[in-house]
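One-letter residues, chain by chain:
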Amino acid sequence: MTDHILIERQGAVQIIRMNRPDKKNALTRAMYAKMSAALVEGDADPAVRVHVFLGVPGAFSAGNDLADFLVVATGGEGGNEVWDFLMALAKAEKPMVSGVDGIAVGIGTTLNLHCDLTFATPRTLFRTPFVDLGLVPEAGSSLLAPQILGRQGAFALLGLGEGFSAERAKSAGLIYEVVAGDALEGAVLAAADEIAAKPPQALKIARDLMRGSREDLIARIKVESEHFHERLKSDEARAALTAFMTRKKAS
Ligand code: COA
């Protein structure tokens, strides 16, 4: 299980790699827990100056494991792992860079709203089908997406669940750069090295100023989470999740 998230240090760069290729990097509770611990420990370690998120070829992440959602939808216990990860993202003290190739669904998209630089490849597709699943936006995306994309772009992403290609994401301001697939990790690590070489205290103050109020972000994540947990138990969500989990068995 633990190797579904690989943590690596390259100089002052901490790499958090999602590594569950057979499930397109759908995130389980254990995976969230390991990513949270890495962010918290990396923030506390002066040897780390930047966090990097990577996936596997073709899959950054297919989002939360829908089997875990279905557990909650059918009356089971969901745990605190997702909440802890969202808090670790919102409270992260050091810059975060992501490299996205291929599928980026749900938290696979909204995680990037917390990153300071995101690189993606031409085959990347960002998508957040929360409403289609009977759910609501999470991870502070209902606050961050309108800031980044404007109200109408945010509605297209979060309300309509439209896919955003890498090019569309770049022109909408969702990501920093589109690079070829075989150049992705090099570009991400070069940017991370550049960040790591900056005076850390000045960079921290500059970053905090640009990001605005963490309290507002955390408050929004809390409100979203309350709705999300209510919605998970709704008939709409239960039907959508069951349809996904049984779609292959039926065919
Ligand atoms: N949770 C659990 N399992 C998932 C998953 C998820 N979010 N996303 C993909 N998987 C699993 C599939 O069930 C499949 O497992 P199997 O081989 O045991 O049947 C495997 O990963 C590969 O997925 P598959 O659907 O065959 O790949 P694809 O390339 O055709 O499609 C997606 C990829 C991501 C478009 C599609 O799997 C999908 O829509 N997943 C759900 C995404 C989602 O709604 N996430 C939650 C957002 S809130």
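The paragraphs below set out a description of the structure included in this document. (Residues numbered from 1 in each chain as written. Predicted model: local features only at pLDDT ≥ 70, side-chain atom pairs only at ≥ 80, totals over all residues. Heavy atoms only, no water.)

### Re the packing of aromatic side chains
Given two aromatic rings, their pairing is described by the distance between the two centres and the angle made by the two planes.
Line of reasoning, step 1. One pass over the full model with this rule turns up four aromatic pairs.
Line of reasoning, step 2. Aromatic side chains Phe 53 and Phe 85 sit 6.4 Å apart centroid to centroid with 85° between the ring planes, which places their arrangement in the edge-to-face category. With a gap of 32 residues between them, Phe 53 in strand β3 (residues 50–54) and Phe 85 in helix α3 (residues 81–91) connect regions that are remote in the sequence. The burial state of Phe 53 is the same as that of Phe 85; both residues are buried.
Line of reasoning, step 3. Every member of this aromatic cluster is reached through a ring pair, and the members are Tyr 32, Phe 53 and Phe 85.
Line of reasoning, step 4. Its guanidinium or amino end placed over the ring of Phe 164, Arg 168 lies 3.8 Å from that ring's centre, counting from NZ or CZ. (Phe/Tyr/Trp six-rings, centres within 6.5 Å; stacked < 30°, edge-to-face > 60°. Helix = DSSP H or I, 4+ residues; strand = E, 2+ residues; numbered from the N terminus. Buried < 20%, exposed > 50% of the residue type's maximum accessible area, 1.4 Å probe, protein only. Lys NZ or Arg CZ within 6 Å of the ring centre and 35° of its normal.)

### Here's the deal with the sheet that holds strand β6 (residues 103–105)
Line of reasoning, step 1. Spatially, β4-β6-β8-β9 is the arrangement adopted by the four strands of the open sheet, whose pairing is mixed. Unpaired on one side and paired on the other, β4 (59–61) and β9 (164–165) mark the two borders of the sheet. (Pairing = 2+ DSSP bridges.)

### Describing the pairing of strand β1 (residues 5–10)
Line of reasoning, step 1. Two strands pair when backbone bridges link them, and β1 and strand β2 (residues 13–18) are joined in this way by six bridges, in the antiparallel orientation. Within β2, the position partnered with Leu 6 by the bridge is Arg 17.
Line of reasoning, step 2. As consecutive antiparallel partners, β1 and β2 are separated by two residues, and within that stretch Gly 11 has a phi angle of approximately 60°, a positive value.

### A short note on the side chain of Arg 20
Line of reasoning, step 1. Relative to the assigned elements, Arg 20 resides in the loop between β2 and α1 (29–44).
Line of reasoning, step 2. Using a relative accessible area of 11% as the deciding quantity, one classes Arg 20 as buried.
Line of reasoning, step 3. A polar side-chain atom of Arg 20 sits 3.0 Å from the main-chain carbonyl oxygen of Ala 26.
Line of reasoning, step 4. Engagement of the side chain of Arg 20 in a polar contact is seen with the side chain of Asp 65, the distance being 2.7 Å. (Polar contact = N/O pair within 3.5 Å; in protein donor to acceptor, adjacent residues only side chain to side chain.)

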